[in-house]
Amino acid sequence: EFRRVLFRSTIVSAVGEGRQIYDNIRKAIQFLLASNMSEVLGVFFATLLGFTLLNPVHLLFINLLTDSLPAIAIGVEPARKGLLDQPPRDPNEPILTRGLMLKILAYGALIACATMGAYFIGLNADNGGAGLAMTLAFSTLTLARLFHGFNCRGIESIFRLGLTTNRASLGAFAAGVVLLLAVLFLPGLNALFQVSPFTMAQFGWVILLAFLPTVAIQIYKVIHDAVRRKNR
């Protein structure tokens with residue numbers, strides 16, 4: 001009897017572990033594809049409009065920073081409640097479902113719009129020009145993708161997940177912000193990354209625009225959570 005109970009317990013634990021790993025893989029893929037979609041859409045439409053959104057060194061920094069730190073943190077996201085209560089997944093279901101692809105496109109478009117908004121603020125400023133515009137676009141895209149790591153922690157809103165339930169995500173965000181500030185404000189690095197001088201008011205616009213996509217996504221998730229609980 002003891003062996004039977006132990007066997008069942010092991011099977012249940014293995015199923016739970018497998019579901020958690022698969023769930024985290026999907027969330028990491030969602031984050032990576034949505035983040036890169038924002039970059040692709042921004043650069044694509046900027047090219048159509050005849051201007052350069054980002055320098056190659058900006059793209060390299062963004063891909064190395066915002067593709068790695070938040071994705072690793074998402075990979076260690078704790079198992080969500082009710083994971084074992086769900087029916088078995090269809091083995092023929094692709095990892096990128098239609099619904100997930102639509103979310104990736106929508107999330108990427110939101111971040112791309114914020115990035116282009118920052119570009120035009122820099123372009124039309126009194127001290128503006130292409131250099132300032134690219135600096136603000138680079139800062140906004142980097143910060144927005146760091147914020148987006150919180151959106152991809154689960155299908156629930158961050159209010160239900162809890163901000164501190166995954167400390168790795170907080171560490172990834174903090175590390176990313178520190179690296180971005182170093183690029184923007186340290187003399188050697190800002191010369192290397194071709195950072196143009198900007199005002200604190202313009203940096204405030206960067207923070208606001210970078211945060212707006214996450215606000216919109218979290219509002220959607222709060223509404224989605226409420227509808228889902230009502231239909232149970």
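Whatever comes next refers back to the structure up there.
Residues numbered from 1 in each chain as written. Predicted model: local features only at pLDDT ≥ 70, side-chain atom pairs only at ≥ 80, totals over all residues. Heavy atoms only, no water.

### Overview of the pattern of salt bridges
Tallied over the entire structure, the rule returns four salt bridges. Salt-bridge contacts for Asp23 lead to Lys27; the nearest nitrogen and oxygen are separated by 3.7 Å. Here Lys27 and Asp23 lie together in helix 1 (residues 2-49), a separation of four residues that amounts to about one turn. Taking relative accessible area as the criterion, Lys27 reaches 8% and is therefore assigned buried. Arg145 is the salt-bridge partner of Asp67, the closest N and O atoms lying 2.7 Å from each other. In this pair, Asp67 is assigned in the loop between helix 2 (56-66) and helix 3 (69-75) and Arg145 in helix 5 (residues 130-151), connecting sequence segments 78 residues apart. Overall, Arg145 belongs to the buried group, its relative accessible area being 0%. Several salt bridges share partner residues, and in doing so they unite Glu39, Asp67 and Arg145 into one network. (Salt bridge = Lys/Arg side-chain N within 4 Å of Asp/Glu carboxyl O. Helix = DSSP H or I, 4+ residues; strand = E, 2+ residues; numbered from the N terminus. Buried < 20%, exposed > 50% of the residue type's maximum accessible area, 1.4 Å probe, protein only.)

### Regarding the packing of helix 4 (residues 98-124) against helix 9 (residues 200-230)
Between helix 4 and helix 9, the least distance of the axes is 9 Å, while the angle of their chain directions is 155°. Comparing their axes, helix 9 and helix 4 come out roughly antiparallel. The hand of the helix 4/helix 9 crossing is right-handed. From helix 4, Lys103, Tyr107, Leu110, Ile111, Ala114, Gly117, Ala118 and Ile121 reach across to helix 9, where they touch Trp205, Leu209, Pro213, Ala216, Ile217, Tyr220 and Lys221. Among the residues making up the contact of helix 4 with helix 9, the classes are represented as twelve nonpolar, one polar and two charged. (Axes fitted to C-alpha atoms, helices over the stretch in contact; angles between N-to-C directions. Parallel < 35°, antiparallel > 145°, perpendicular 65-115°, else oblique. Left-handed = near helix turned anticlockwise from the far one by under 90°. Contact = heavy atoms within 4.5 Å. Nonpolar A, V, L, I, M, F, W, Y, C, P; charged D, E, K, R; others polar.)

### Looking at unusual backbone geometry
Here the phi dihedral of Gln194 falls at roughly 55°; this positive angle occurs in a residue that is not glycine. Tracing the sequence through the fold places Gln194 in the loop between helix 8 (187-192) and helix 9. Given the relative accessible area of 45%, Gln194 is considered partly exposed.

### Quick look at the side chain of Thr115
Considering the arrangement of structural elements, one finds Thr115 in helix 4. For Thr115, the side chain forms a polar contact with the main-chain oxygen of Ile111, separated by 2.9 Å. What Thr115 contacts, discounting residues up to four positions off in sequence, is Leu53, Ala137, Thr140 and Leu141. (Polar contact = N/O pair within 3.5 Å; in protein donor to acceptor, adjacent residues only side chain to side chain.)

### Focus: helix 7 (residues 167-185)
For helix 7, spanning 19 residues, the distance from its first C-alpha to its last is 27 Å, which sits close to the expected 27 Å at 1.5 Å a residue. Ser169, Ala172, Phe173, Gly176, Leu180, Ala182, Val183 and Leu184 are the residues of helix 7 that are buried. Buried residues in helix 7 make contact with helix 2, helix 3, helix 5, helix 8 and helix 9. Two or three places before Ala168, at the start of helix 7, stands the capping residue Asn166, its side-chain oxygen 3.1 Å from that residue's backbone nitrogen. (Expected span 1.5 Å × (residues − 1).)

### Description of the packing of aromatic side chains
In this structure the tally under the stated criterion is 13 aromatic pairs. Taking the centre distance of 5.4 Å and the plane angle of 75° together, the rings of Phe51 and Phe120 count as edge-to-face. Highlighted residues: Phe51 in the loop between helix 1 and helix 2 and Phe120 in helix 4, separated in sequence by 69 residues. Seen from their ring centres, Phe147 and Phe173 are 5.0 Å apart, and the 40° between their planes marks the pair as tilted. With a gap of 26 residues between them, Phe147 in helix 5 and Phe173 in helix 7 connect regions that are remote in the sequence. Residues Phe147 and Phe173 agree in their burial class; the two are buried. An aromatic cluster is present here, built from Phe147, Phe150, Phe173 and Phe211 joined pairwise through their rings. (Phe/Tyr/Trp six-rings, centres within 6.5 Å; stacked < 30°, edge-to-face > 60°.)

Functional significance is not addressed by these values, which are geometric in nature.
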